[in-house]
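Here is what each chain is made of, one letter per residue.
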Amino acid sequence: MKRKLSVLLIVAMLVTMLGSCGTASNNKGGKNNSKSSGNALTVWCWDKNFNIYAMNEAAKIYQKDHPDFKLNVVETPWDDVQTKLTTAVTSGQTGTLPDILLMQDNALAKNITNYPKTFVDLTNSGIDFSKFAQYKVALSTVNSKVYGVPFDSGTAVTALRTDVLQKAGYTINDFKNITWSRFIEIAKDVLKKTNIPLLSSQAGSPDLVMMMLQSAGTWTFKGDKLYISDNPALLKAIDVYVELVKSKVLVEVNNWDQYVGTFNTGKVAGAMTGCWILASVQANKDQKGKWAVTNIPKLDGIENATNYSSVGGSSWLVLSTSKNKDLAIDFLGKTFAGSTELYNTILPTSSAIATWGPAGTGSNYEIAHEFFEGQKIFQDIVEYGKNVPKVSYGVYNYEARDAIGTAITKIISGTDKAAALKEAESTVKFQMGK
Amino acid sequence: MNARFKTKFKLSTIGWIFILPATLLLLLTKFWPIIRALVLSFQSGVGLNTSFVGAKNYIRMLHDNLLHTSIFNTFFYLLLQVPIMLIIAIILAVILNDSRLKLKGFFRTAIFLPCATSLVSYAIIFRSLFARDGFINLILMKTNIINNPINWLSSPWPARIVIIIALTWRWTGYNMIFYLAGLQSIDPSIYEAAKIDGASAFTSLRKITIPLLKPMILLTSITSISGTLQLFDETKNLTNGGPANSTISISQYIYNLSFAYSPQFGYAAAVSFLVLIMVAILSFTQMKVGDRR
């Protein structure tokens, strides 16, 4: 009896030990080669088919003129980029940091404000920022200094199943340049006729509301002051979201996989978020030729409301602890801020839509996309991108987004809107230490 | 006299040398960071710009609604989950200790196995089991217990219940092993005597097993309580603290303060010390209550 028990315990011990060995070796993998020699750069980014691929293609282009150049991409998930950056900077162990890292636009202002000396000010680096979509430059600008080279576009799109629309007697053009009230009207009709909702979202995620907020050119902060409970665009956006949920034209799910599953399986006939979602939309080949893309609805009765917005997206930052700062800047300047060829190469496989204006002239941008009924979606999206209102996300963006997400969940389950938003405001104020 | 002292000195020196490496490592990797964290908890500021603010961080906790929510959630898990889990663990241990039971080894391994799974992967599996179109809803719908699918993870109370179910599934086997080990040391003749005296199975469980297992119960409840107070993986991966922060645990709040939000390490360290104080108080009371000799 005792022997059996001890065997069991030993097995358990071995399993846990194996488990910890696994994690230990992973950590080592992330840490290696952070010290670059004179002509090599280390980069942190996270998606093999997307930004890692783009980085490697950029290296190939740069190597044509600089044969000695070496690039070492360390695959680092975004959450890890943030924790590693925070720990390295606060503990003073900056030797572990790379030369270039990719940062979510959502977190950019926060990190630059908190660690101003960690990132290189690129304003006078020779990179021409006027050629980028201006909303992207605004997101990587802190205290009128530009810190980031914009990468992928988060331009918001409405992607819809044309076959479902057809059954209900609509086309994609019925969704172009419309308002939210019209959208809900059509969506209800489609739901009635086909029993298929048009949208889905992750419960508790404020993405859709934040998208509407930016489409009206405002955000949760006005200068340094919180702009939540008295922000008419936010109040309107929350009304719209609640109505979407209550009228059942939007289905709430629990996590990202389920969200992507809703439209891949055809349970939901559309997606509305940053244009990077189009890569996931194309996952189900059976739906080929049954999708189309248009701009997003605008908020009714709100000043400066537009049909354009942005969700997500990321930018490249150069670290001031790097020994090869000049090389890093030159590399980014000649590739992500200077090579039509690069953006043209990466577009077909990664669907990474450029925010660098001249890239739109690349031949691949004119492709009539088979999946989207032959629509020239890339060109359309680049056009939308030119109209996205400029906002600044600010240092306390995550705090504000979380608080608004919480408020939305509470409002849907019956809490008074004004009270929930007041609470959100006081939560954010508390997090800010005020 | 002198020789005796010498041997004693020699023996204790050898003893010290043996425990020295472990002690030094412990001091360096555990106690030094704890002391630094204590110093940090008296500092405030965002990112790198911190300064000493005295007890401000500790006073701040009194007004922090999100912290209060996370404490409420954590204690809800604690008060409901720990007793349920320990009772199930005792019952399972007693059943599996029965000498007449066949395939004992199989059952023991099966019940212990959840404990060997990774915290993250089991949380993800539970997440898909309890999805709106997941397995649990499917079973409940097919058996006509419910008509409409329950959105488990999107409603506050069901989400908390799912976390309790997940925790119980993962940790019951672990505690059962302790009880099994404890049961081995109970002399079977005590049970035989009780049986002759006409004691029922329940009476002998209540009057013999539980009193004799007391040290084990004390140990498992202290480890479970301290484990639950530091709960992180399950809430982070199952619900990510949602909906509307209704499942967020204290540890996840500390993580958010340090890494998701604009880093406030001083305040995060202060909250960590609050957890330390809570674990210390709870363990101390338990030792006092449990150790009535």
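The rules behind the values
Residues numbered from 1 in each chain as written. Chains lettered and ligands numbered in written order. Predicted model: local features only at pLDDT ≥ 70, side-chain atom pairs only at ≥ 80, totals over all residues. Helix = DSSP H or I, 4+ residues; strand = E, 2+ residues; numbered from the N terminus. Rg over C-alpha atoms; globule rule 2.2 N^0.38 Å. Buried ≥ 20, exposed ≤ 12 C-beta atoms within 10 Å, placed from the backbone. Contact = placed C-beta atoms within 7 Å. Nonpolar A, V, L, I, M, F, W, Y, C, P; charged D, E, K, R; others polar. Pairing = 2+ DSSP bridges. Axes fitted to C-alpha atoms, helices over the stretch in contact; angles between N-to-C directions. Domains from an automatic or database assignment.

**Some thoughts on the overall build of chain A**
Working step 1: For chain A, the helix and strand inventory stands at 16 helices and 14 strands.
Working step 2: Relative to a compact globule of 434 residues, whose C-alpha radius of gyration would be 22 Å, chain A shows 23 Å and is just as compact.
Working step 3: Expressed as lengths along the three principal axes of its C-alpha atoms, the size of chain A is roughly 75 × 60 × 50 Å.
Working step 4: Here chain A holds 434 residues, and the buried ones make up 50% of them.
Working step 5: Nonlocal contacts in chain A, meaning residues at least 24 apart in sequence, comprise 76% of its contacts between residues at least 6 apart.

**A few points about the environment of Leu165 of chain A**
All names here are of chain A.
Working step 1: With respect to the element layout, Leu165 can be found in helix 6 (residues 162-167).
Working step 2: For the pair Leu165 and Phe50, spaced 115 residues apart in the sequence, the C-alpha separation amounts to 31 Å.
Working step 3: When sequence neighbours within four positions are dropped, the list of residues in contact with Leu165 reads Leu160, Tyr170, Thr171, Ile172 and Val190.

**So, the interface of chain A and chain B**
Working step 1: At the junction of the two partners, chain A supplies 33 residues and chain B supplies 32 residues.
Working step 2: Of all the elements in the fold, those that place two or more residues in the side of chain A that touches chain B are helix 1 (2-31), helix 3 (78-91), helix 4 (105-114), strand 11 (250-253), helix 15 (397-412) and helix 16 (417-431) of chain A.
Working step 3: It is helix 1 of chain A that provides the largest number of residues to the side of chain A that touches chain B, a total of seven residues.
Working step 4: Grouping the constituent residues of the side of chain A that touches chain B by class yields 13 nonpolar, 14 polar and six charged.

**Here we look at the sheet that holds strand 12 (residues 270-274) of chain A**
Residue and element names in this part refer to chain A.
Working step 1: With respect to topology, three strands assemble into an open sheet ordered 12-7-13, the strand pairing being antiparallel. A single partner strand is all that each edge strand has here, and the edge strands are strand 12 and strand 13 (291-294). Strand-to-strand twist in this sheet, taken as the mean axis angle between neighbours without regard to direction, amounts to 20°.
Working step 2: In this sheet, strand 13 lies alongside strand 7 (residues 156-161) in antiparallel orientation, the contact comprising four bridges. The residue of strand 13 that forms the bridge with Thr158 is Thr294.

**Notes on the domain arrangement of chain A**
Residue and element names in this part refer to chain A.
Working step 1: What the domain assignment reports for chain A is domain 1 (36-154 + 312-377) and domain 2 (156-309 + 396-431).
Working step 2: A separation of 28 Å is found between the C-alpha centroids of domain 1 and domain 2.
Working step 3: Taken together, the 16 residues of domain 1 in the interface contact 14 residues of domain 2.
Working step 4: Of all the elements, helix 4 adds the most residues to the side of domain 1 that touches domain 2, at three residues.
Working step 5: A per-class count over the side of domain 1 that touches domain 2 returns five nonpolar, seven polar and four charged.

**With respect to the domain arrangement of chain B**
Working step 1: What the domain assignment lists for chain B is domain 1 (1-40) and domain 2 (55-290).
Working step 2: Distance between the C-alpha centres of domain 1 of chain B and domain 2 of chain B: 35 Å.

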